[in-house]
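For reference, the chains in residue letters:
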Amino acid sequence: MLDKITDQNHEEILHMINKVKWYHKYEIVPGVITPGQCPAFPKRLFKRMELPDDLSGLNILEIGSWDGPYSFELESRGANVVAIDIHDPSTTGFNTAKKILNSNVQYIRTSVYDLSDYFDEQFDIVIFAGVFYHLKHPMLAFEQISNVLKTTGTLFFEGECFAHYAENTEGKKIRNYLLLIMLAHSKIPATLFYSDSFQNDKNNWYIPNVECLTEWLKTAGFTKIRICSNLGNTFIGDGRSKFIRKFILSIYHFLFKQGQRVIGSAVKMDGVVKIEHGIIEK
Ligand SMILES: C[S@@+](CC[C@H](N)C(=O)[O-])C[C@H]1O[C@@H](n2cnc3c(N)ncnc32)[C@H](O)[C@@H]1O
């Protein structure tokens, strides 16, 4: 990793950065921020996820890395990191950042759905931030992640969960808040699904409630499922948390416009992913 910034390489870095289009706005080296639209604070996210500062020797996969802020932070903590994304890394800024940081993160341009074509059960940790609600097949993605994690390996995820906001299929906000909050935090595993767009974004498909996300993870072979709201580490779900607690949090989120983001973790069980229909015994 780059450890000393001189005036000369500061200029060179700015020149390199300005040649590509960035998605994330992050401090790539001290005092230099990439000009993306989405602020990324890897240290803050990993603190909330309770990821250790020292990841020496661990094999970590980051899915949906885009231009890499999270992957490079993992590498700086001593991990062997593989990043995957569907984008071309030479146009997103990933390769530029890799060069600036003199990084060894390996980037593979592929989809989460195809992980088993590239990897065995080899990762200690998978980071899956900001992706599951952008997928048409989230269950398949979680199964693929399970296939490449070692038994007892941990998945850390972040994303949008249905907590207090929904739209109709024309994009109009639903105003029956009581109904929304009751459904979002009931024991009914329910998900929103939009064939066109949600929150004006055509890349949003499924927005599960916490109970539904928990069920997806269990089906994909995970246990010790822990889901927190985006308000620090406020614990909201393992499939058993109290409705009243989630309800109050939702009101808070709603009143203070906190959005519906969650972070969480889940541990891969020793066992197999459930198939859709078992063989019928005679
Ligand atoms: C909203 S961005 C999140 C970026 C970053 N992980 C974060 O949390 O800020 C979603 C990322 O997921 C990637 N992505 C979408 N579909 C994917 C797929 N099928 N397989 C792998 N990555 C995918 C996108 O290209 C994009 O980089």
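These notes cover the structure that comes with them. This one's a predicted model, so the numbers in the text were calculated from it and none came from an experiment. (Residues numbered from 1 in each chain as written. Predicted model: local features only at pLDDT ≥ 70, side-chain atom pairs only at ≥ 80, totals over all residues.)

## A word on unusual backbone geometry
- Although it is not a glycine, Glu-50 sits at a positive phi angle of roughly 65 degrees.
- Mapped onto the elements of the fold, Glu-50 is located in the loop between helix 2 (42-49) and strand 5 (59-63).
- Its 12 C-beta neighbours within 10 Å are what place Glu-50 among the exposed residues.
- A positive phi angle, close to 55 degrees, is found at Trp-66, a residue other than glycine.
- Relative to the helices and strands, Trp-66 is located in the loop between strand 5 and helix 3 (69-76). (Helix = DSSP H or I, 4+ residues; strand = E, 2+ residues; numbered from the N terminus. Buried ≥ 20, exposed ≤ 12 C-beta atoms within 10 Å, placed from the backbone.)

## Here's the deal with the environment of Asn-204
- Along the chain, Asn-204 turns up in the loop between strand 10 (191-193) and strand 11 (206-208).
- Of the residues examined, Asn-204 has 18 C-beta atoms within 10 Å and is grouped as partly exposed.
- Expressed as a C-alpha distance, the spacing of Asn-204 and Phe-193, which sit 11 residues apart in the sequence, is 8.4 Å.
- Contacts of Asn-204, omitting those with residues within four sequence positions, involve Tyr-133, His-134, Tyr-194, Ser-197, Phe-198 and Gln-199. (Contact = placed C-beta atoms within 7 Å.)

## A few points about the site of the ligand
- The ligand sits among 17 residues. The nearest are Gly-64, Trp-66, Val-112, Ala-129 and Gly-130.
- In the shell around the ligand, the residues fall into 11 nonpolar, five polar and one charged. (Near = placed C-beta within 6 Å. Nonpolar A, V, L, I, M, F, W, Y, C, P; charged D, E, K, R; others polar.)

## Concerning the pairing of strand 14 (residues 261-268)
- Here strand 9 (residues 149-160) pairs with strand 14 via seven bridges, running antiparallel. Paired with Thr-154 across the two strands is Val-267, which belongs to strand 14.
- Strand direction decides the pairing type here: strand 12 (residues 222-229) and strand 14, joined by six bridges, are antiparallel. Counted as the bridge partner of Cys-228 is Ile-263 from strand 14. (Pairing = 2+ DSSP bridges.)

## Considerations on the nonpolar core
- Among the nonpolar cores identified, the biggest contains 67 residues, and Ile-60, Val-126, Ile-127, Phe-128, Ile-145 and Leu-155 are the most heavily contacted of them.
- Looking at which element gives the most residues to this core, the answer is strand 8 (residues 123-129), with six residues. (Core = buried A, V, L, I, M, F, W, Y, C linked by C-beta atoms within 7 Å.)

## Some details on helix 3
- Judged by how many residues are buried, helix 3 sits mostly within the fold: seven of eight residues are covered.
- Every buried residue belonging to helix 3 is among Pro-69, Tyr-70, Ser-71, Phe-72, Glu-73, Leu-74 and Glu-75, and all of these are buried.
- On the buried face of helix 3, the contacting elements are strand 1 (24-25), helix 2, strand 5, strand 6 (80-85), helix 5 (94-101) and strand 8.
- Downstream of helix 3 by a residue or two, Gly-78 has a phi angle that is positive, lying close to 100 degrees.

## Topic: the packing of helix 2 against helix 3
- Two elements in contact, helix 2 and helix 3, have axes whose closest approach is 9 Å; the angle formed by their N-to-C orientations is 70 degrees. If you check the angle between helix 2 and helix 3, you find them roughly perpendicular. Taken together, the residues of helix 3 that come into contact with helix 2 (itself represented by Pro-42, Lys-43 and Phe-46) are Pro-69, Tyr-70 and Glu-73. (Axes fitted to C-alpha atoms, helices over the stretch in contact; angles between N-to-C directions. Parallel < 35°, antiparallel > 145°, perpendicular 65-115°, else oblique.)

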